[in-house]
Structure formats: structure tokens, C-alpha cells
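Working through the structure, step by step
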Amino acid sequence: METVYGRGVSAGWSFTRSAKAPGRARRLLREQMEGWGVGGEVRDVAELLVSELVTNSVRHACRPTGRLIAVGAEMDPGRLLRVEVADASDVPPVVRVGAAPEAEGGRGLVLVGALAADWGTYPRQHVGKVVWFSLGLKAL
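Here is what the cut-offs are and how they apply
Residues numbered from 1 in each chain as written. Predicted model: local features only at pLDDT ≥ 70, side-chain atom pairs only at ≥ 80, totals over all residues. Heavy atoms only, no water. Axes fitted to C-alpha atoms, helices over the stretch in contact; angles between N-to-C directions. Helix = DSSP H or I, 4+ residues; strand = E, 2+ residues; numbered from the N terminus. Parallel < 35°, antiparallel > 145°, perpendicular 65-115°, else oblique. Left-handed = near helix turned anticlockwise from the far one by under 90°. Contact = heavy atoms within 4.5 Å. Nonpolar A, V, L, I, M, F, W, Y, C, P; charged D, E, K, R; others polar. Patch = residues over 30% accessible without salt bridge, like charges linked within 9 Å, V, L, I, M, F, W, Y side chains within 5 Å. Areas by Shrake-Rupley, 256 points an atom, 1.4 Å probe, with all protein chains shown as cover. Salt bridge = Lys/Arg side-chain N within 4 Å of Asp/Glu carboxyl O. Buried < 20%, exposed > 50% of the residue type's maximum accessible area, 1.4 Å probe, protein only. Pairing = 2+ DSSP bridges. Core = buried A, V, L, I, M, F, W, Y, C linked by side-chain atoms within 4.5 Å.

With that out of the way, let us pick up the packing of helix H1 (residues 21-36) against helix H2 (residues 40-60). Where H1 contacts H2, the two axes come as close as 8 Å, and the packing angle between them is 150°. Here H1 lies roughly antiparallel to H2, going by the angle between them. Crossing hand, H1 versus H2: right-handed. Contact residues: H1 offers Ala21, Pro22, Ala25, Arg26, Leu29, Arg30, Met33 and Glu34, while H2 offers Arg43, Ala46, Glu47, Val50, Ser51, Val54, Thr55 and Val58. Its residues assigned to classes, the contact of H1 with H2 shows nine nonpolar, two polar and five charged.

Written out as C-alpha cells, the structure reads:
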């Protein structure tokens, strides 16, 4: 669903905690960015990073059962794209440095830190947390 706010626009989606969630989030974000006229490297990086954050939520946000993963995107035209991933876990994400080459995980937040203009996390009002990143639309 797309919403216009101020001079910018926003959209959001919810997913059940499943192995299909990262791919669905990637596809929906890509389609939304194409509708907003965001393409190229910004779109590619945003897809990669949302996939990493949703994958983290699927793997680590195990409680409480039945809670959804929410993804939101906001764009201030010509300036900034911000993407947020919310889940029901109160445990803040941890950046793991030095993952072994053969490790299947542990690099997601390192990628977010390396590729995003900025990123962070904050607690949700009632349960869980939000992890977000922003990309400069002119920077990439």
C-alpha cells in the first residue's frame, strides 16, 4: 500500500515468519521502487539489504508466535530512500565481525553497515524492534 506524506511517499507490507518472506520482501520493494522511478544501483542495494534484514527477522525473531514481520519504505524524491524492518523480538541485532569464509551467515549487518548511507535500530512501542537503513538517491 502506497501513501503520500509531505513531499514524499511511503509503502508497507507484512509477512509471516517463513523462508519465503525475504524473497517476497525483495520483490515487493523492487516493484515499489520501480513505480517510484528508483532503479539501478540504489534499487539493487535496497533489495539486497531488505533481504538481509528480513532474513535476520526470520532466523532470529522467534517470539512471540504468530507475530508478523513488517517492512516499510519511504522515499523523499531526489534525496533519500529509507527502509524499515520490524519484528516481534526485543533482542537488538548484533554486528558480527570476522565471520568464517565457510559460514552461512553472520554478514548481513556488516553489509548493511558497508552499503547504507546510515542504519540503526530502535524499540517498537509495545513489542519488538525496528531495524532500518537509508540510501541517498543521488549518492549511488
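What follows continues from the structure just given.
Nonpolar side chains collect at one region of the surface, where Leu48, Leu111 and Leu115 lie side by side and expose about 200 Å² of accessible area between them. Positionally, Leu111 belongs in helix H3 (residues 108-115).

Let's shift gears to the pairing of strand E2 (residues 8-15). Counting buried positions along E2 yields six of eight residues, so the element is predominantly enclosed. With seven bridges joining them, E2 and strand E3 (residues 69-76) adopt antiparallel strand pairing. Bridge pairing links Gly12 to Gly72 in E3.

Moving on, we come to the pattern of salt bridges. Evaluation of the coordinates by the stated rule reveals seven salt bridges. Residue Arg79 is joined to Asp76 by a salt bridge in which the shortest nitrogen-to-oxygen separation is 2.5 Å. The class of Arg79 is exposed, set by a relative accessible area of 56%. Measuring nitrogen to oxygen at the nearest pair gives 2.9 Å for the salt bridge that ties Arg82 to Glu84.

Moving on, we get to the nonpolar core. Of all hydrophobic cores here, the largest spans 33 residues; its most connected members are Val71, Leu81, Phe133 and Leu135. For this core, the elements supplying multiple residues, two or more each, are E2, H1, H2, E3, strand E4 (80-87), H3 and strand E6 (129-136). Of the residues forming this core, the biggest block, eight residues, is contributed by H2. Filtering out sequence-adjacent residues up to four positions away, Leu81 remains in contact with Met33, Trp36, Val42, Ala46, Glu74, Met75, Phe133, Ser134, Leu135 and Leu137.

Looking now at the packing of H2 against H3. For the pair H2 and H3, interaxial distance at closest approach is 9 Å and the crossing angle is 150°. Classified by the angle between their axes, H2 and H3 sit roughly antiparallel to one another. The crossing of H2 and H3 is left-handed. Every residue of H3 that contacts H2 at Val45, Leu48, Leu49, Glu52, Leu53 and Asn56 is listed here: Gly108, Leu109, Leu111, Val112 and Leu115. Of the residues that constitute the contact of H2 with H3, the class distribution is eight nonpolar, two polar and one charged.

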